Amino acid sequence: MNPRWLTAKGVARRRFLCGSGALTAALAHSPPLFAEASSNPPTRDRQVTTNPGAAVRVRLNVNGHQYDLMLEPRVTLLDALREHIGLSGTKKGCDRGQCGACTVLVNDQRINACLALAVAHEGDRIRTVEGLGDATALDPVQAAFIAHDGFQCGYCTPGQICSAVAMLEEARRDTVSAATPDVRRKGPVELTDAEIRERMSGNLCRCGAYAGIVAALRDAAGRRA
Amino acid sequence: MRAFDYVRVKRVDDAIAALADPDTRCLAGGTNLLDLMKGYVVQPTRLVDITRLPLAGIRVLPDGGVRIGALVSNTDLANDRTIRERYPLLSQALVAGASPQLRNMATVGGNLLQRTRCHYFTDVAFAACNKRTPGAGCAAREGANRIHAILGASEQCIAVHPSDMCVALAALDAVVEAQSRSGTRRIPMSEFHRLPGTTPERDTELRRDELITAVTLPPSTFADHSHYLKVRDRASYAFALVSVAAALEMAGDRVRDARIVLGGVAHRPWRAVGAEKALVGQVLDEAALAAAGAAATDGARPYRDNAFKVTLAQRAVVRALRDAART
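Residues numbered from 1 in each chain as written. Chains lettered and ligands numbered in written order. Predicted model: local features only at pLDDT ≥ 70, side-chain atom pairs only at ≥ 80, totals over all residues.

(A) Representation of the overall build of chain B. On a plain count of helices and strands, chain B comes out with 13 helices and 12 strands. Taken over C-alpha atoms, the radius of gyration comes to 19 Å for chain B, in line with the 20 Å a tight globule of 327 residues would show. Taken along its principal axes, the extent of the C-alpha atoms in chain B is 60 × 50 × 35 Å. Buried residues in chain B amount to 56% of all 327 residues. (Helix = DSSP H or I, 4+ residues; strand = E, 2+ residues; numbered from the N terminus. Rg over C-alpha atoms; globule rule 2.2 N^0.38 Å. Buried ≥ 20, exposed ≤ 12 C-beta atoms within 10 Å, placed from the backbone.)

Right, here's the structure in full:
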């Protein structure tokens, strides 16, 4: 273990884990899982594979980068991101579409990556928490989560943040929610606390940091208005 | 999840051709299908990805009705300007369901084909489920049946249909369009979902070789007086214990026409025809509302844990009608 990692400012837990024994050994024995884009684009009209479950070539566009992967059709977008591309910011919570920890943006819309097949998202623009900002240039939603303590353990946070980025954009586009008093009325959405809570209801937080999350989004909504 | 073949199609004919294989399922939003596949409840050997089919449009028809493509997402349908103005009941029902993430993925066609969330159906650890395995029995009848049916159930199955959208579509007299090699069929919502009877494995009248291509709505007569009320265990992101789609056409202070459809109480959206008839010509006073509520649960038969749903449904009908009249 390299002691530098323990003293480095802002040390990444992921970097620590990836550098520790077990995972390194496992990865070392895995076949190469991806490579940067090559010259043969996959066909958009797929033929039936002859061997059920056999891996097929899948090209994904994630955070502006292209990844050519060999994936079984049953691999979810969530597992493709985490296990095959190595973007572990997107979290696996329930893996059944109930908790929202896996929320990513596909063509600017928030979805649950655990209930999506990677192979079905060829040609789509996928954005994960890693694509929103970094320590030197935070997305305003990330900054607001820090300013308002919008988390405790942090496990649901990437999903909360991706969800919130889309939520603010949806509100700007005058979309309705179950908290909208009159769906027939046109005009800008007023992001009351009730609206924020309803529009973020697809993201659960077991620590119960909801008060901080609502405060962060009230703040972020005001700044973006 | 078991391994499967994946094929992507761009033409409706190719999707229909693929459905000739009985172990093939269509993949649209995937929010229900992939969940069931992860739980080994459904195990297709091949998925046909239909998300690239040209079925994602909403268009106003010459008669003033609307045609909604089967692949329109729940989000896009709820926010469509025509739907919000002319069919606010449908917008309300859509945003009452699931979460924003799921609504972005889920489609109209998939929502129509949603499977029940009966605990015993969705967990293969329980062997006794006639819907999963015909003839295996029904664990829910003597089990934890708080969320189950109070109307239209059978010895074989007491599951409820989970959709909110379908409850509104039933109230709005929607028609489902289904295409197969033998042509296009138009199935009214009132006939689309089935009661369980002795064949609970069949949720709908859709045949295995048919693809839902669209849903049509007749011109709206209920836009001014409608309300979708959903009662559930949490304030959001939960299935209905009871829901009510109430739609009224008023003539002055009297009811000219009414639709009352309940969700969460039966194997299909439960149209309360008796309650509707009781309201026609009436002024909506307390007596008329209470009579409609009582009529809506006519024939109710609760099980061990869900007797509360009878009273809840009656009160929900009263409140939904009151809110519909006020809008």
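(B) Just the confidence of the model for chain B, in detail. Mean pLDDT over chain B works out to 97, with 100% of the residues at or above the 70 mark. ipTM for the predicted complex: 0.97, alongside a pTM of 0.92. (pLDDT = per-residue confidence, 0-100.)

(C) Broad picture of the interface of chain B and chain A. Of the residues lining the interface, 35 residues belong to chain B; the matching set on chain A comes to 36 residues. Here the side of chain B that touches chain A is built from residues that sort into 15 nonpolar, 11 polar and 9 charged. (Contact = placed C-beta atoms within 7 Å. Nonpolar A, V, L, I, M, F, W, Y, C, P; charged D, E, K, R; others polar.)

(D) How the structure looks around the sheet that holds strand β12 (residues 270–271) of chain B. All names here are of chain B. Judged by pairing direction, the sheet is antiparallel, and its 4 strands sit side by side in the order β9-β10-β11-β12 without closing on themselves. Every other strand in the sheet has two partners, leaving β9 (226–231) and β12 as the edge strands with one partner each. Sheet contacts for helix α5 (residues 88–96): β9 and β10 (242–251); angle to β9, the most-contacted strand, approximately 15°. (Pairing = 2+ DSSP bridges. Axes fitted to C-alpha atoms, helices over the stretch in contact; angles between N-to-C directions.)

(E) Expanded view of the domain arrangement of chain A. All names here are of chain A. Considered domain by domain, chain A is made up of domain 1 (31–36 + 54–131) and domain 2 (140–224). With centres defined by C-alpha atoms, the gap from domain 1 to domain 2 works out at 24 Å. Taken together, the contacts link 15 residues of domain 1 with 13 residues of domain 2. For the side of domain 1 that touches domain 2, the elements supplying multiple residues, two or more each, are β4 (103–106) and β5 (109–112). In terms of residues, the side of domain 1 that touches domain 2 owes the most to one element, β4, which gives 3 residues. Of the residues that constitute the side of domain 1 that touches domain 2, the class distribution is 6 nonpolar, 6 polar and 3 charged. (Domains from an automatic or database assignment.)

(F) Layout of the nonpolar core. In terms of nonpolar packing, the biggest core is built from 166 residues, with L89, A168, A245 and V317 of chain B touching the most fellow members. What A168 of chain B contacts, discounting residues up to four positions off in sequence, is L89, L90, A93, Y228 and A245 of chain B. (Core = buried A, V, L, I, M, F, W, Y, C linked by C-beta atoms within 7 Å.)

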